[in-house]
Amino acid sequence: MTATPHDRHLIRQWRRGNDEAFALFYGRYKQPVFFYLLALVGQRETAEDLLQDTFVRFIAVAGKLRVRESLGPYLVTLARHVAIDWFRRQKLERQPPPPDRREGLFQREGNSQDNLNGNGLGPEEAGDLLYKLPEEQREAVVMKIYLGFSFEEVARVMNVSPNTAASRYRYGLQKLQDYLNKETP
Amino acid sequence: MSNPEKEKCTEAIFSRFTPMSPGPSADQRILDLARQSTARPCFRKRLLCGAGVAAAACCLALLTWFACRHWLGGPGGGRLPVAPDKAPVTAVDTSDVPMDPLAVLTRFRGDCQDVQTMLEAVPEENKSKKEAIAEKLSRCLEKIALLEERVRFSKKRSAVPGHLSEEVNV
């Protein structure tokens, strides 16, 4: 998710009644936000619900928003808060914890051989390895690699300093490397 | 391999996977919501505008009503009665004003002089009139005697420092 200089323009057009502008904006951000939420909650249906909630919240506040730069970090911050609320609700309603077996993070493409990475890592295994990371490190890795955020943006979303964000990312990568080394002797 | 190289390598391995996408089920609902929310501010603005105009009209009507009532004597029942801040000026009643006893005495002396002149002017044959005037003269002289006594008394009291002279009622 690269910085989009047109976010301000799209939101302004949408406020003036141009629905196509919002459709474009939504199309730009729905996939990254959904993937971030899926990496957090691990359930596809829940992630889709939370994606809806995130955009509902965004629509509610968009009228008061002063858009200066890319809205990606802002949307992911909203998504993060929505996910935290969901986790709290689960706790309050004494719902059973999310199942250990989480749904896949990555798409399968072509036949199973094409899916294997250079060291024989498939999409399902890669997803499982990501789920093994502690939540904070997983968030940092997802935002940096798949959403294309800078460390400053990751730090803003997680409400920490950029150095902390960078170290969480590096620890996460280190662990992934360790898992890879263990699984591919 | 150094640490940064290892990191780059791991990053490259994981970045090759295509992340999952959401299904299309939620899209239409969010787009509909966005469409409604752009319509809402317009409605709100109109509502606010309407309310503002109504409030302004009310204020104007009230102002007009007050203006008519207070200054123009119009449909609010006419000009309000204004309480007079001073009583109307009438002839000055000096009955309560204390008079100078000497001045009163002088006036009575003059009056008695006139009565005496009238008495002398009445012929001897008109006895009844002469008696009536004589009686009037004697009353007048009595009053003069009484006044003279008061004037004397008043002079004595006014000699005491700080004491006001007594009023004389005739």
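Provided above is the structure to which this section pertains.
Since this is a predicted model, take the numbers as computed values, not measurements. (Residues numbered from 1 in each chain as written. Chains lettered and ligands numbered in written order. Predicted model: local features only at pLDDT ≥ 70, side-chain atom pairs only at ≥ 80, totals over all residues. Heavy atoms only, no water.)

Asker: Which residues make up the nonpolar core, and what values go with them?
Answerer: Inside soluble globular proteins, nonpolar side chains tend to come together where they are buried. Ranked by internal contacts, the top residues of the largest apolar core, which has 69 residues, are A:Phe22, A:Phe25, A:Phe58 and B:Phe14. Looking at this core element by element, the count peaks at 14 residues for helix α2 (residues 19-41) of chain A. Ignoring any residue separated from it by four or fewer positions in sequence, one finds A:Phe58 in contact with A:Ile11, A:Trp14, A:Phe22, A:Phe25, A:Leu65, A:Leu71, A:Tyr74, A:Leu75 and A:Leu78. Core analysis: the second largest hydrophobic core is formed by 13 residues, B:Leu105, B:Val122, B:Leu147 and B:Val151 among them. (Core = buried A, V, L, I, M, F, W, Y, C linked by side-chain atoms within 4.5 Å. Buried < 20%, exposed > 50% of the residue type's maximum accessible area, 1.4 Å probe, protein only. Helix = DSSP H or I, 4+ residues; strand = E, 2+ residues; numbered from the N terminus. Contact = heavy atoms within 4.5 Å.)

Asker: Quick rundown of the environment of A:Tyr171? Include the residues and the values.
Answerer: Note on placement: A:Tyr171 falls in helix α8 (residues 162-183). For the pair A:Tyr171 and A:Pro134, spaced 37 residues apart in the sequence, the C-alpha separation amounts to 9.9 Å.

Asker: Mind laying out the packing of aromatic side chains, listing which residues take part and the relevant values?
Answerer: Residue and element names in this part refer to chain A. Across all of its chains, the model carries 13 aromatic pairs over all chains by this definition. Judged by centre distance (6.0 Å) and plane angle (45°), the rings of Phe22 and Phe25 are tilted. Here Phe22 and its partner Phe25 are both found in helix α2, three residues apart, which amounts to about one turn of the helix. Seen in terms of ring centroids, Phe58 and Tyr74 are 6.4 Å apart; in terms of plane orientation they differ by 65°. Their pairing is edge-to-face. Of this pair, Phe58 sits in helix α3 (residues 44-61) while Tyr74 is found in helix α4 (residues 72-92), placing the two residues 16 residues apart along the sequence. Taken together, the ring pairs connect Trp14, Phe22, Phe25, Tyr29, Phe58 and Tyr74 into an aromatic cluster. The side chain of Lys144 reaches across the aromatic face of Phe151, ending 4.9 Å from its centre. Positioned above the aromatic ring of Tyr169 is the side chain of Lys144, whose terminal nitrogen or guanidinium carbon lies 5.9 Å from the ring centre. (Phe/Tyr/Trp six-rings, centres within 6.5 Å; stacked < 30°, edge-to-face > 60°. Lys NZ or Arg CZ within 6 Å of the ring centre and 35° of its normal.)

Asker: Mind laying out the state of the cysteines, listing which residues take part and the relevant values?
Answerer: The full count for this structure, using the stated rule, is one disulfide over all chains. Not engaged in a disulfide, the cysteine B:Cys59 finds its nearest cysteine sulfur in B:Cys58; these two sulfurs lie 7.0 Å apart. (Disulfide = S-S within 2.5 Å.)

Asker: How would you sum up unusual backbone geometry? Please name residues and give values.
Answerer: If you check the backbone angles, A:Asn159 has positive phi at about 60° while not being a glycine. Positionally, A:Asn159 belongs in the loop between α7 (151-158) and α8.

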